[in-house]
Amino acid sequence: MVNKTLKFLLVTSLSFNVTFLYSFLMFPNGLQEKPETNWSNIFPIHKVQNGNDQQASLSVENSETSDKDQFTLVKARSLIKRAYLEAFEVNEFVRKYFRKDMDLTKKAALEKDYLTNYLPFNDLTRKMKFVVDVIHNESQKELSDLRNEVQSRIHKLQNPSDCKTAKKLVCKFPYCGFGCQHHHIGNCLLAALGTNRVMLVDYSSVPYPGIQKVFLPLSDTCSMEDLPKQVDEWKGDLQESYEHIQVVRLDLTHETSPNTRFKGLTIPKFLQEKVEFLHDDPNMWWIGQIMGYLLRPRSWISVRVQEIKKKLNLTHPYVSIHVRRTDKSVKEARKFEIEEYMDPVVAWYDSQVGDARNYTKRVYVASDDLASVIPDARNKYPNYDFVYNTVDDKKLLKDMKQTVQSRQTEEELAAFVCDLVILSESDYFVGTYSSNVGRLITQLMHSSSDATFRSRSIDHRMSYHRGLPLTYRAVEDFSGGKGELSFFAGETIVLTSFIESPSYKGFGRNEAGQEGSFPMHKVEQMLTFVQYLALNDTF
């Protein structure tokens, strides 16, 4: 039974996309007479000589390529990346299955037929990764230009020439941890961009008194001192008009969210034609731009990061893990053992076998419980070099127990921010998305590139606090069994929760109000684009 289930996962995760990709390329107008397909236009691959190395490149700069062929190329690239992502998740699922149930040797003895099918599939995944890497390299320049444009527009909004006459949105948020706090501020910046107001932050309830010393100011021309004594509360742009009021306050200490279009998982409409085709997860890229602006480290933090990297000999490639323990693992998520963090790390380093460089398998560790995590990791994975940001092993084993309280001094906050930067700059990151910090790290990774294949959560999928619910469209029919949600192709499904990743299953509600679990490979995420007033002009 297990063998059949795993085979089913292999086939269904890839067959739909590969079949659709082939059909789309060969029959772009539907199943009519086979056209004369110019493969050199659809996949124009050439070699670029760079010293002693040859790098494959998918070139789209072909004067003979029509708009229709360009669209076909973009769609084909998207399907390839989606197929690879699902193949990658199959690999993660299989690795977890083998490790969790029994010894790999015993498992192999019972599943010889399965392994015969799995190993060629694993080889195919590696080959697909090569093509995906080429696609990412091709889109990096355009993504970088788009990022610079968005950051420039945010900076322009936040720095009006005359602060006294500029409309403002004052952000007040509840007392909470670092990641929670900055996701609240992110919601405020989204509302400010949507309503074309300068965002100012009320730091009176912030548990980190040195926070303004480690990050660049949100505005160089406006401050809280420019505000009147009496400020009206902003309850959302959909409730009533606030156009005539110069300064309003967004109070996120309430349980209820403001009635607004401008929130997480809504993307500015001016980005629609660009980001959909350049990035695998446009929602993540857009939130990455928000967090990237909020968390711009001051120069002395950047210098310290480089000093830490030099001291630890932390050169690329390196992997990072964020291990969340203490009260968080009790109140918000279960405790994950080091093996669960290291499984994706081992898989990532294994995938680099084609890299000719001779490098150490180095893992940067950030945790609120380094005193137990580091010895455990070194004992179980002696072939890996585990490094961390602290003074020395003696101090670590004696009294290193990082907590939220320890970040309340400026020095501890600076150490935490250095961790954040080093984690987000790694080649591959493993953490938990039940953690605000885990989500924040991945969002920062997406702020500068497409990090879809550079990060991995071992529990939840990505979500955004007080954002729109994750909504999906069914790409094919599904007839569910007991406890499962049935739907037809084209039907809309609202995700209510994910089953622990990697798994392929979500839990949601269909248009008829029925609820149940369903396979994620039978749906695709829907994107919501709205007019953000500060960003409503086109390029």
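Up top you'll find the structure we're talking about.
All of the points below concern the structure found in this document. (Residues numbered from 1 in each chain as written. Predicted model: local features only at pLDDT ≥ 70, side-chain atom pairs only at ≥ 80, totals over all residues. Heavy atoms only, no water.)

Another point: the overall build of the chain. Along the chain, the regular secondary structure elements total 16 helices and 18 strands. Counting across all 539 residues of the chain, residues that qualify as buried make up 52%. Sequence-distant contacts in the chain: of pairs separated by 6 or more residues, those separated by 24 or more amount to 71%. On the chain, roughly 26,000 Å² of surface is accessible, and the fraction owed to carbon and sulfur atoms is 51%. (Helix = DSSP H or I, 4+ residues; strand = E, 2+ residues; numbered from the N terminus. Buried < 20%, exposed > 50% of the residue type's maximum accessible area, 1.4 Å probe, protein only. Contact = heavy atoms within 4.5 Å. Areas by Shrake-Rupley, 256 points an atom, 1.4 Å probe, with all protein chains shown as cover.)

What follows covers the state of the cysteines. If you walk through the whole model with that rule in mind, you get three disulfides. Between the sulfur of Cys-163 and that of Cys-222 lies a disulfide, 2.0 Å long from S to S. Its S-S torsion of approximately 130° makes the covalent link between Cys-163 and Cys-222 right-handed. Separated by 59 residues along the polypeptide, Cys-163 in the loop between α5 (112-158) and β3 (168-172) and Cys-222 in the loop between α7 (211-214) and β5 (232-233) bring together distant segments of the chain. Residues Cys-163 and Cys-222 agree in their burial class; the two are buried. For the chain, the bonded cysteines pair up as 1-6, 2-5, 3-4 when numbered in the order they occur along the sequence. (Disulfide = S-S within 2.5 Å.)

Pro-317 follows His-316 through a cis peptide bond whose omega is 5°. Positionally, Pro-317 belongs in the loop between α10 (299-312) and β8 (319-323). We note that Asn-196 has phi near 60°; this positive angle belongs to a residue other than glycine. If you trace the backbone, Asn-196 turns up in the loop between α6 (178-195) and β4 (198-201). Phi angles above zero are rare outside glycine, and Leu-265 is one such case at about 75°. One can find Leu-265 in the loop between β6 (247-251) and β7 (267-268).

Turning our attention to the nonpolar core. Residues Phe-178, Leu-193, Met-199, Leu-271, Trp-286 and Leu-294 are the most contacted members of the largest nonpolar core, which totals 75 residues. By residue number, the principal contributor to this core is helix α15 (residues 410-424), which donates nine residues. If near-sequence neighbours (up to four positions away) are discounted, Leu-193 is found in contact with Ile-154, Leu-157, Trp-286, Ile-290, Tyr-532, Leu-533 and Ala-534. (Core = buried A, V, L, I, M, F, W, Y, C linked by side-chain atoms within 4.5 Å.)

So, about the sheet that holds β4. Two orientations exist for strands paired in a sheet by backbone hydrogen bonds: parallel and antiparallel. Reading across from one edge, β4-β3-β6-β5 is the order of the four strands in this open sheet, with parallel pairing throughout. The sheet is open, and its two borders are formed by β4 and β5, each paired with just one other strand. Where β5 meets β6, two bridges bridge the pair, whose relative direction is parallel. Bridging from a neighbouring strand, Asp-232 pairs with Val-248 of β6. Where α6 meets the sheet, it contacts β3, β4 and β6, and its direction lies at approximately 165° from that of β3. (Pairing = 2+ DSSP bridges. Axes fitted to C-alpha atoms, helices over the stretch in contact; angles between N-to-C directions.)

This part is about α15. Counted at 1.5 Å a residue, the expected span for α15 with its 15 residues is 21 Å, and the 21 Å between its end C-alpha atoms agrees. Burial within α15 is extensive, with eleven of its 15 residues counted as buried. Looking only at α15, the buried set comprises Leu-413, Ala-414, Phe-416, Val-417, Cys-418, Asp-419, Leu-420, Val-421, Ile-422, Leu-423 and Ser-424. (Expected span 1.5 Å × (residues − 1).)

Before going further, it helps to examine the pattern of salt bridges. Under the definition given, this model contains eleven salt bridges. Here Arg-304 ties to Glu-411 by a salt bridge, and the two come within 2.8 Å at their closest N and O atoms. Here Arg-304 is found in helix α10, whereas its partner Glu-411 is found in helix α15, with 107 residues between them in sequence. Look at Arg-304 and you get partly exposed, because its relative accessible area is 23%. Between Glu-476 and Lys-522 there is a salt bridge whose closest N-O contact spans 3.3 Å. Of this pair, Glu-476 sits in the loop between β13 (471-474) and β14 (492-498) while Lys-522 sits in the loop between β16 (515-519) and β17 (523-525), and the two are 46 residues apart along the sequence. Looking at Glu-476, the relative accessible area reads 23%, which means it is partly exposed. (Salt bridge = Lys/Arg side-chain N within 4 Å of Asp/Glu carboxyl O.)

This model, assessed by the stated rule, comprises eleven aromatic pairs. Taking the centre distance of 5.1 Å and the plane angle of 80° together, the rings of Trp-348 and Tyr-349 count as edge-to-face. Take Trp-348: its relative accessible area is 11%, and that puts it in the buried class. On the accessibility criterion, Tyr-349 (3% relative accessible area) is buried. Consider the rings of Phe-487 and Phe-518, whose centres lie 6.0 Å apart with planes at 85°: the pair is edge-to-face. Separated by 31 residues along the polypeptide, Phe-487 in the loop between β13 and β14 and Phe-518 in strand β16 bring together distant segments of the chain. Neither Phe-487 nor Phe-518 differs from the other in exposure class; each is buried. Each member of the aromatic cluster is reached from another via a ring pair, and the members are Trp-348, Tyr-349, Tyr-381, Tyr-384 and Tyr-428. (Phe/Tyr/Trp six-rings, centres within 6.5 Å; stacked < 30°, edge-to-face > 60°.)

A few words on the pairing of β4. Neither face of β4 is exposed, since Val-198 and Leu-200 on one face and Met-199 and Val-201 on the opposite face are all buried. Bridge count for β3 against β4 is four bridges, and the pairing is parallel. Paired with Val-170 across the strands is Leu-200, a residue of β4.

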